[in-house]
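Structure assessment
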Amino acid sequence: MFDDTLHFLANHLESPDWARLGEHLPYEWVEQAVLSTEAASIRHRRLPAEQVVWLMVALALYRHKSISEVLDDLGLAVPDSQTPFVSKSAAAQARQRVGQAPLKWLFERSARHWVAQDKKAYLFKGLQLFAMDGTTLRTHDTVENREHFGAQSYASDTVASYPQVRGVTVTSLPTHLVHSAVFGPYSTNEMLYAKQLLGAIPNESLTVFDQGFLSAEILCGLTGSGAERHFIISSKSNTKWEAIEGESEDMLVRMRVSPQARAKCPELPEFWEARAITVVDAQARKRILLTSLRDRRRYKPSDIALCYDKRWGIETSYRELKQTMLGTALTLRSKTVDGVYQEIWGTLIAYNLIRLEIAKAALAVKCEPTEVSFIRAFHLIQFELHWAGVTRSYGKLPASMKHLRERLVSLLNDERPGRKCDRAVKATPKRYAVRKVKKLP
């Protein structure tokens, strides 16, 4: 029966229209994701598991549309003359059947493949450049979500109005492609999520960390395994060390691992070493950067400072995800715990597809991917995919892709003039009445 189902899909479904973004996301990957997670549909359904995977990617690209509109406009359901439209309840049930596992599998497979595709074009002295940081997302305020994810607590004995998902990602700084990610309850510390991602960081890489990840367990765990895995991180004001060699502006230092850290992780050494570099930014503020790049001839202080400045690229990727793609929505679309995870993985796949197309277009004209406007590229891809959904002539596909990439590289960001006025911090506008939720006893 299962073989008959696959034969039915092969004969009655055209290759998904998302393949019009190129050969980046092969249909074989989707099939393998469904099969490896045992989410394949046995019955002949209008929304088999493979199409549900594409649906979750589509919902991330068309956040402003309902699930019924996305299904109808892009023709994601199996054609049926008796029931031309798929109801919302049927789509919701299809999502529940599939779950989050195929989307997670597909993201992990595609992300690492896409990041490695053109890595030679973006190497820093032979190393891939990554950044690690955390973020949060709000969910619908349901009993299930609040019990699973939790929310931020305040000193006034109140909690946030909406449950929150905490996540940590590793992002390629040259292309903004998300390489790996982990999400879960808000109550789980970012450090615990970061440790889960250390094994996914490739060899011969340089990872720029946020200051909050300054921990011997994380940094020694990165450099102690694999080959040529390095870090850059800003020191804290209370960080103490002992100078071993070098000058005050560029020296090798030794730091003691706390007894508490060694009790949690006995394999940690009593001391760990790093190179400490003092840099001065445009506002004449001093910052001390700690790095495992000890070769002073190959890695000059100015090079290390430039790499650290690129760390803000991961903040830009979070803004593109949460504001541009999700439309600054107050919460995610899904209302169940499994649906939230499913939606996040689908959003990450969609984001990487856009970023990959931008990187391919930028590589063709020899410009940086970050020079292409993400907002305009996102809107252009939305239009092209909608056009592809209503145009069933696959002979036009090469010309369509050529036009898409030509338009992408014409959307370079304009050079912005320097700031003329001092930066002013404005009060956040209140879009709705503040709702305080008391902590449970």
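Cut-offs applied
- Residues numbered from 1 in each chain as written.
- Predicted model: local features only at pLDDT ≥ 70, side-chain atom pairs only at ≥ 80, totals over all residues.
- Heavy atoms only, no water.
- Helix = DSSP H or I, 4+ residues; strand = E, 2+ residues; numbered from the N terminus.
- Buried < 20%, exposed > 50% of the residue type's maximum accessible area, 1.4 Å probe, protein only.
- Contact = heavy atoms within 4.5 Å.
- Areas by Shrake-Rupley, 256 points an atom, 1.4 Å probe, with all protein chains shown as cover.
- Pairing = 2+ DSSP bridges.
- Axes fitted to C-alpha atoms, helices over the stretch in contact; angles between N-to-C directions.
- Parallel < 35°, antiparallel > 145°, perpendicular 65-115°, else oblique.
- Nonpolar A, V, L, I, M, F, W, Y, C, P; charged D, E, K, R; others polar.
- Left-handed = near helix turned anticlockwise from the far one by under 90°.
- Salt bridge = Lys/Arg side-chain N within 4 Å of Asp/Glu carboxyl O.
- Core = buried A, V, L, I, M, F, W, Y, C linked by side-chain atoms within 4.5 Å.
- Arc of directions from axis to C-beta.
- Phe/Tyr/Trp six-rings, centres within 6.5 Å; stacked < 30°, edge-to-face > 60°.

As named in an unreviewed UniProt entry, the protein chain is IS4 family transposase, taken from Pseudoduganella plicata.

Comments concerning the overall build of the protein chain
Assigned secondary structure in the protein chain consists of 15 helices and eleven strands. Looking at the protein chain as a whole, 50% of its 441 residues qualify as buried. Taking the contacts inside the protein chain whose residues are at least 6 apart along the sequence as the reference set, 69% of them involve residues at least 24 apart. Surface accessibility of the protein chain: about 22,800 Å² in total, with carbon and sulfur atoms responsible for 51%.

Looking at the pairing of strand β4 (residues 178-185)
Taken residue by residue, a regular strand's side chains alternate between the two faces of the sheet. Within β4, eight of the eight residues are buried, which leaves the element mostly enclosed by the surrounding structure. Bridge analysis of strand β3 (residues 164-172) against β4 gives seven bridges, and the strand direction is antiparallel. Across the sheet, Val-170 pairs through a bridge with Ser-180, a residue of β4. A loop of five residues connects β3 with β4, the two strands running antiparallel in sequence, and His-176 in this loop sits at a positive phi of about 65°.

So, the packing of helix α3 (residues 49-61) against helix α5 (residues 88-98)
Axes are the key here: two packed helices are described by the angle between their axes and the distance separating the axes. Between α3 and α5, the least distance of the axes is 10 Å, while the angle of their chain directions is 105°. Viewed along their axes, α3 and α5 adopt a mutual orientation that is roughly perpendicular. Contacts from Ala-49, Val-52 and Met-56 in α3 reach Ala-94, Arg-95 and Val-98 in α5. Of the residues assigned to the contact of α3 with α5, the class counts are five nonpolar, no polar and one charged.

Describing the packing of helix α2 (residues 27-36) against helix α6 (residues 101-117)
Where α2 contacts α6, the axes come no closer than 8 Å and their chain directions differ by 135°. It follows from the interaxial angle that α2 and α6 lie oblique. Judged by the twist between their axes, the crossing of α2 over α6 is right-handed. Counting all contacts with α2, which are made through Trp-29, Val-30, Gln-32, Ala-33 and Ser-36, the residues of α6 involved are Pro-102, Trp-105, Leu-106, Arg-109, Ser-110, His-113 and Trp-114. Here the contact of α2 with α6 is built from residues that sort into seven nonpolar, four polar and one charged.

Structural notes on the sheet that holds strand β10 (residues 286-291)
Here we have nine strands laid out as an open sheet, ordered β4-β3-β1-β5-β6-β10-β9-β8-β7, and mixed in their pairing. Two strands in the sheet have a free side with no partner beyond their single neighbour: β4 and β7 (242-247). If you compare each strand with its neighbour and ignore which way they point, the axes differ by 25° on average. Pairing of strand β9 (residues 271-280) with β10 involves six bridges; the strand directions are antiparallel. Within the sheet, the bridge partner assigned to Val-279 lies in β10 and is Arg-287. Those strands touched by helix α12 (residues 312-325) are β1 (128-138) and β3, and its axis lies near 40° from that of β1.

Focus: the pattern of salt bridges
Applying the stated criterion to the full structure yields 14 salt bridges. Here Arg-311 and Asp-133 are joined by a salt bridge, their closest N and O atoms 3.5 Å apart. Residue Arg-311 is located in the loop between α11 (301-309) and α12, and its partner Asp-133 is located in strand β1; the two are separated by 178 residues in the primary sequence. Asp-133 carries the same exposure label as Arg-311, and that label is buried. The network of salt bridges with common partners includes Glu-245, Asp-250, Arg-275 and Arg-296.

Describing the nonpolar core
One finds Met-132, Phe-209, Trp-272, Met-325 and Leu-348 to be the most contacted residues of the largest nonpolar core, which totals 96 residues. When near neighbours in sequence (up to four residues on either side) are disregarded, Met-325 contacts Ala-60, Leu-61, Arg-63, Glu-320, Thr-347, Ala-350, Tyr-351, Ile-354, Phe-374 and Phe-378. Membership of the second largest hydrophobic core comes to 19 residues, among which are Leu-293, Tyr-299, Cys-307 and Ile-314.

Structural notes on unusual backbone geometry
For Glu-228, which is not glycine, the phi dihedral falls at a positive 55°. Notably, Thr-328 is not glycine yet its phi reads approximately 50°, a positive angle. As for its position among the elements, Thr-328 is in the loop between α12 and α13 (337-365).

Describing helix α8 (residues 190-197)
In an α-helix, one full turn covers 3.6 residues, which means residues spaced three or four apart are oriented alike. Burial in α8 covers these residues: Tyr-193, Ala-194 and Leu-197. Axial view of α8: buried residues confined to an arc of 100°, hence all on one face. As for α8, its buried residues are in contact with β1, β3, β4 and α9 (216-223).

What to know about the packing of aromatic side chains
Under the counting rule described, the total for this entry stands at nine aromatic pairs. Ring plane angle 5° and centroid distance 6.5 Å describe the contact between Tyr-27 and Trp-54, whose orientation is recorded as stacked. With Tyr-27 in helix α2 and Trp-54 in helix α3, this residue pair connects regions lying 27 residues apart in the sequence. Trp-54 sits in the buried class, given a relative accessible area of 1%.

What to know about the pairing of strand β6 (residues 229-234)
By the criterion of burial, β6 is predominantly enclosed, with six of the six residues buried. Residue alternation in β6 divides its side chains into two sets, Arg-229, Phe-231 and Ile-233 and His-230, Ile-232 and Ser-234, and both sets are buried. For strand β5 (residues 205-209) and β6, the ladder comprises four bridges, and the chain directions are parallel. Along β6, the bridge assignment pairs Ser-205 with Arg-229.

What about the environment of Ile-375?
Inspection of the secondary structure assignment puts Ile-375 in helix α14 (residues 374-390). You can call Ile-375 partly exposed: its relative accessible area is 44%. Taking the C-alpha atoms as reference, Ile-375 lies 8.6 Å from Met-325; in sequence the two are 50 residues apart.

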